[in-house]
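A look at the structure
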Amino acid sequence: MSMLKTSSRDGKHTHMSHADRDRLDGRRTLVTGGTKGTGVAVVKRLRELGADVFVSARSMPEGYEYPDRFIAADTSTKEGTELVAAELVKAFSAPCGWIARSSPA
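Here we summarise the structure given alongside this text.

Thresholds applied
Residues numbered from 1 in each chain as written. Predicted model: local features only at pLDDT ≥ 70, side-chain atom pairs only at ≥ 80, totals over all residues. Heavy atoms only, no water. Helix = DSSP H or I, 4+ residues; strand = E, 2+ residues; numbered from the N terminus. Buried < 20%, exposed > 50% of the residue type's maximum accessible area, 1.4 Å probe, protein only. Contact = heavy atoms within 4.5 Å. Areas by Shrake-Rupley, 256 points an atom, 1.4 Å probe, with all protein chains shown as cover. Pairing = 2+ DSSP bridges. Right-handed = clockwise from strand over helix to strand, strands pointing away. Core = buried A, V, L, I, M, F, W, Y, C linked by side-chain atoms within 4.5 Å. Salt bridge = Lys/Arg side-chain N within 4 Å of Asp/Glu carboxyl O.

Thoughts on the overall build of the chain
Helix and strand content of the chain: three helices and six strands. Each helix and strand of the chain, placed in order from N terminus to C terminus, yields the pattern β-β-α-β-α-β-β-α-β. Going through the 105 residues of the chain one by one, you find that 27% of them count as buried. Across the chain, the fraction of contacts at a sequence separation of at least 24, relative to all contacts at a separation of at least 6, is 36%. A total of about 7200 Å² of accessible surface is found on the chain, and carbon and sulfur atoms cover 52% of it.

A few points about the pairing of strand β3 (residues 28-32)
Every other side chain in a regular strand lies on the same face of the sheet, so the side chains alternate between the two faces. Counting buried positions along β3 gives four out of five residues, so the element sits mostly inside the fold. Bridge count between β3 and strand β4 (residues 52-57): five bridges; the pairing is parallel. Bridge assignment links Arg-28 to a residue of β4, and that residue is Asp-52. For the segment spanning β3, helix α2 (residues 37-48) and β4, crossover handedness is right-handed.

Looking at the nonpolar core
Core analysis: the biggest nonpolar cluster contains 11 residues, these being Leu-24, Val-31, Val-43, Leu-46, Leu-49, Ala-51, Val-53, Val-55, Ala-57, Tyr-64 and Phe-70. In terms of residues, this core owes the most to one element, β4, which gives three residues. Beyond its immediate chain neighbours, meaning those up to four positions away, Leu-24 contacts Leu-46, Leu-49, Gly-50 and Ala-51. One finds Ile-71, Val-84, Leu-88 and Phe-92 within the second-largest nonpolar core, a separate group that totals seven residues.

Re the pattern of salt bridges
In total, this model carries seven salt bridges according to the counting rule given. Note that Arg-45 is salt-bridged to Glu-48, the shortest N-O span being 3.2 Å. Of this pair, Arg-45 and Glu-48 both sit in helix α2, separated by three residues, roughly a single helical turn. Classification of Arg-45 as partly exposed rests on a relative accessible area of 46%. Overall, Glu-48 belongs to the partly exposed group, its relative accessible area being 42%. Arg-69 is the partner of Asp-52 in a salt bridge, and the nearest nitrogen-oxygen pair spans 2.7 Å. Here Arg-69 lies in the loop between β4 and β5 (70-72) and Asp-52 lies in strand β4, a separation of 17 residues in the sequence.

See below:
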């Protein structure tokens, strides 16, 4: 396993693996369009890396595994985007990341 040498603000050096460096524990994200195709793969990978992932889409799929982390909204509209933002503020005070998947025209 290869190791990275990193420096902290106090000037101390630590060693961490690439896998540890890539962890997202404690990070919060939103994936729009996260119920189909590429969006599902992105959501799965972010969760594997430890992120707290919210998903938005127009409707929640039946049997969705994380209903408390789902926001039903059409983010192609101003109203839908405002709804998602309001729900995230309610949940976390502010999102840390946003991954938007645009649909082909």
